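Residue strings, one per chain:
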There are 2 protein chains.
Amino acid sequence: MTAQLATKSAFVTGATGFIGSHLTAHLRNAGWRVGILARPETIEKNGLRRAGAVYAYRGLTDEVIDAVTDFRPDVVFHLASLFLVAHSPEQIVALVQSNVLFGTQLLEGMSQAGCTALVNAGTAWQNYTPEPPFDSQNYMPVNLYAATKQAFEDIAAFYVESAGLRLVTLRLFDTYGPGDKRRKLVRLLIDTLMTGQPLEMSPGDQTLDLVHVEDICRAFLHAGKLTMARSEAGAKVFAVGSTPRLTLRQVVATFEEAAQRKLPIEFGKRPYRSPEVMHPWEGPALPGWEPTISLLDGIRNVIAQELG
Amino acid sequence: MTAQLATKSAFVTGATGFIGSHLTAHLRNAGWRVGILARPETIEKNGLRRAGAVYAYRGLTDEVIDAVTDFRPDVVFHLASLFLVAHSPEQIVALVQSNVLFGTQLLEGMSQAGCTALVNAGTAWQNYTPEPPFDSQNYMPVNLYAATKQAFEDIAAFYVESAGLRLVTLRLFDTYGPGDKRRKLVRLLIDTLMTGQPLEMSPGDQTLDLVHVEDICRAFLHAGKLTMARSEAGAKVFAVGSTPRLTLRQVVATFEEAAQRKLPIEFGKRPYRSPEVMHPWEGPALPGWEPTISLLDGIRNVIAQELG
């Protein structure tokens, strides 16, 4: 067998998002052939045409079937989603189309193309745990975004039965890393560090679970290999979390240690969210994977990239 | 309190379908005020404008919000769905839009309007039970249609948490009755009776569960009252099935008894479906309801209407 034939191939949705862009680079660095499905405007904006196997999606099921059939991936990484902490009524259509319809089209495309290995990005918010046991497998969504993620898994269950789908869903917590433009905690702290403007926060006693994007990429790659090596159809769910978990206050203190500067954070000036996840889910960990980048090192790395 | 003030009001989706049209008539006969949401072409085709509170739906979330807000129902009966035993790729978009997106818009509309009582039509095919225990609560979809029904329920779970939704889902089995144009078993037997053409069937040993549409309407009305009387948010699931259950061969024999004629049925000329439900789900029965129309009486009634 030549090296060429041994090359693994991965099809990635959401490849221009924060995790997706890191994952495609990670896969290419590891020698994988990578195919991408994206909206035409996303392809233009990101200059993806140069990137090789890039397929356009305008909303048609046939586009997805044709793309997967043409590329014939060993495994599909499904990261595309519309993320909303809270939705407004005018976002309902986009939320269902992005998080349920597109995923169903992807499953149909894989089924038609005979591709059966799928690693899916879920969220720990599908298993909201207001009280113990925190490792409950019960579904309880924090928000509509999490509910649409669960809806996708429900639909995937049909393809497990009918098409032999081998599905691994990684339930993600908070993620961070260089190049993150999402208005999440680490981004807000970087902005506060740069501007010196006071930042109002909740009381800060909620527990967080932050994983560096490079560790997330390693989790996806590892899950992809596990899925490809599996012979039986089925759906598995794993948590991709960190140890030890810290409270929001402790994360801010870690950031201040990394920045060697005290930040003007005003704890308690804002209420907790409703609902606020005070204790994130404690689901089964992805076997054979653990995070390697400590929060202190990870934040130092982000600060260096942003301010360097 | 005057009689006017005591009138109950129900908002019905899928009101022009087989069950929906019987249910709206049933509700009106029982003195209920009925509101309907339907596509403009459905409104035209069925001459619904005369029917009173009729709202048009072209796909927009705002149309659903405005309709529910304007009508202010005591309870919503959600029967609209695209039913497919097996799907083809070009039906994926319509399936997700009809069975997931529209339902989500309805939940959002109810949430915005402060309506919290919902009776939803589910299917026993969400709980496919290839082997005992047949009363398992585990979700396993027979087909993509059933998977989209489950997806809707999991999206509804968010509105239970966030908007105090009181949801009852009735898992339906097979239904039949006068005016049924769907190409289902009783319809096929009527056609065979009228034409005398041989009808090829599977071996016929699968157990069926047939409920007359008038009994189904009574189940919905009863579930609506139960839901309205409930004070706590939550989601409940009940089976709406018959006793005794019969095999396909026994149902055909009952039809022949009702018709007083032997039908040219060729059992075993067709294979079972893949998958074939040999033993329907045995879920928790809707409390306080049971079917009143025997299969023999029900089929006699349908034959009389069709041939009368």
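That block above? That's the structure.
The following refers to the structure shown.

Conventions adopted
Residues numbered from 1 in each chain as written. Chains lettered and ligands numbered in written order. Predicted model: local features only at pLDDT ≥ 70, side-chain atom pairs only at ≥ 80, totals over all residues. Heavy atoms only, no water. Core = buried A, V, L, I, M, F, W, Y, C linked by side-chain atoms within 4.5 Å. Buried < 20%, exposed > 50% of the residue type's maximum accessible area, 1.4 Å probe, protein only. Contact = heavy atoms within 4.5 Å. Least-squares fit on C-alpha atoms with pLDDT ≥ 70 in both. Buried area = accessible area lost by both parts, 1.4 Å probe. Salt bridge = Lys/Arg side-chain N within 4 Å of Asp/Glu carboxyl O. Polar contact = N/O pair within 3.5 Å; in protein donor to acceptor, adjacent residues only side chain to side chain. Helix = DSSP H or I, 4+ residues; strand = E, 2+ residues; numbered from the N terminus. Nonpolar A, V, L, I, M, F, W, Y, C, P; charged D, E, K, R; others polar. Expected span 1.5 Å × (residues − 1). Phe/Tyr/Trp six-rings, centres within 6.5 Å; stacked < 30°, edge-to-face > 60°. Lys NZ or Arg CZ within 6 Å of the ring centre and 35° of its normal.

The subject of this paragraph is the nonpolar core. Counting 68 residues, the largest nonpolar core has Phe-11, Leu-118 and Leu-165 of chain A together with Phe-11, Leu-118 and Leu-165 of chain B as the members making the most contacts within it. Sequence-distant contacts of Leu-165 of chain A, that is, excluding residues within four places in its chain, are made with Leu-107, Met-110, Thr-116, Leu-118, Ala-156, Tyr-159, Val-160, Ala-233 and Gly-234 of chain A.

Right, let's talk about the relation of the copies chain B and chain A for a bit. When chain B is fitted to chain A, the residual RMSD is 0.0 Å, and the transformation amounts to a turn of 180° plus an axial shift of 0.0 Å. Taken together, these values place the two copies in the relation of a two-fold axis. Ranked by how close their C-alpha atoms come to the rotation axis, the residues of chain B are headed by Ala-151 of chain B, at 2.1 Å. Mapped onto chain A, 100% of the interface residues of chain B again fall at the interface, so both copies present the same surface.

The partner chain A presents 31 residues to the 31 residues of chain B that form the contact. For the pair chain B and chain A, the summed buried surface comes to about 2,400 Å²; carbon and sulfur atoms form 75% of the total. Sorting the residues of chain B by area buried against chain A places Pro-89, Asp-154 and Phe-158 of chain B first, and these three jointly supply 22% of that buried surface. Counting across the interface, chain B meets chain A through zero salt bridges. At the boundary of chain B and chain A, one finds four residue pairs in polar contact (both at pLDDT 80 or more). Where the side of chain B that touches chain A is concerned, the elements lending two or more residues are helix H4 (61–71), helix H5 (92–113) and helix H6 (144–163) of chain B. Here the side of chain B that touches chain A gets 11 residues from one element, more than from any other, and that element is H6 of chain B. Broken down by class, the residue content of the side of chain B that touches chain A amounts to 18 nonpolar, 10 polar and three charged.

Our focus in this paragraph is unusual backbone geometry. Cis rather than trans, the peptide bond between Ser-274 of chain A and Pro-275 of chain A has omega equal to -5°. The topology assignment puts Pro-275 of chain A in the loop between strand E13 (265–267) and helix H10 (295–307). Following Pro-132 of chain B, the chain continues to Pro-133 of chain B via a peptide bond in cis, the omega torsion being 0°. Tracing the chain through its elements places Pro-133 of chain B in the loop between strand E5 (117–123) and H6.

Turning our eyes to something else, we now look at helix H8 (residues 213–229) of chain A. For H8 of chain A, spanning 17 residues, the distance from its first C-alpha to its last is 24 Å, which sits close to the expected 24 Å at 1.5 Å a residue. Among the residues making up H8 of chain A, those that are buried are Val-213, Asp-215, Ile-216, Cys-217, Ala-219, Phe-220, Leu-221, Ala-223, Gly-224 and Thr-227 of chain A.

All names here are of chain B. Over its 12 residues, helix H9 (residues 248–259) runs 16 Å from end to end, which matches the ideal 16 Å to within 8%, given 1.5 Å per residue. Among the residues of H9, Leu-248, Val-251, Val-252, Thr-254, Phe-255, Glu-256, Ala-258 and Ala-259 are the ones counted as buried. Count one or two residues on from H9 and you reach Gln-260, which has phi positive near 50°.

The geometry of two aromatic rings is summed up by the distance between their centres and the angle between their planes. For the structure on display, the rule yields 17 aromatic pairs over all chains. Residues Phe-77 of chain A and Phe-220 of chain A carry aromatic rings whose centres are separated by 6.3 Å and whose planes lie at 70° to one another, so their mutual orientation is edge-to-face. With Phe-77 of chain A in strand E4 (residues 75–78) and Phe-220 of chain A in helix H8, the pair connects residues that are 143 residues apart, well separated along the chain. Relative to Tyr-159 of chain B, the ring of Phe-158 of chain B lies with its centre 5.0 Å away and its plane at 75°, an arrangement referred to as edge-to-face. Residue Phe-158 of chain B is classed as buried on the basis of its relative accessible area, which comes to 8%. Above the ring of Trp-281 of chain A, the side-chain terminus of Arg-171 of chain A is found at 5.8 Å from the ring centroid.

Function cannot be read off these values alone, since they describe shape.
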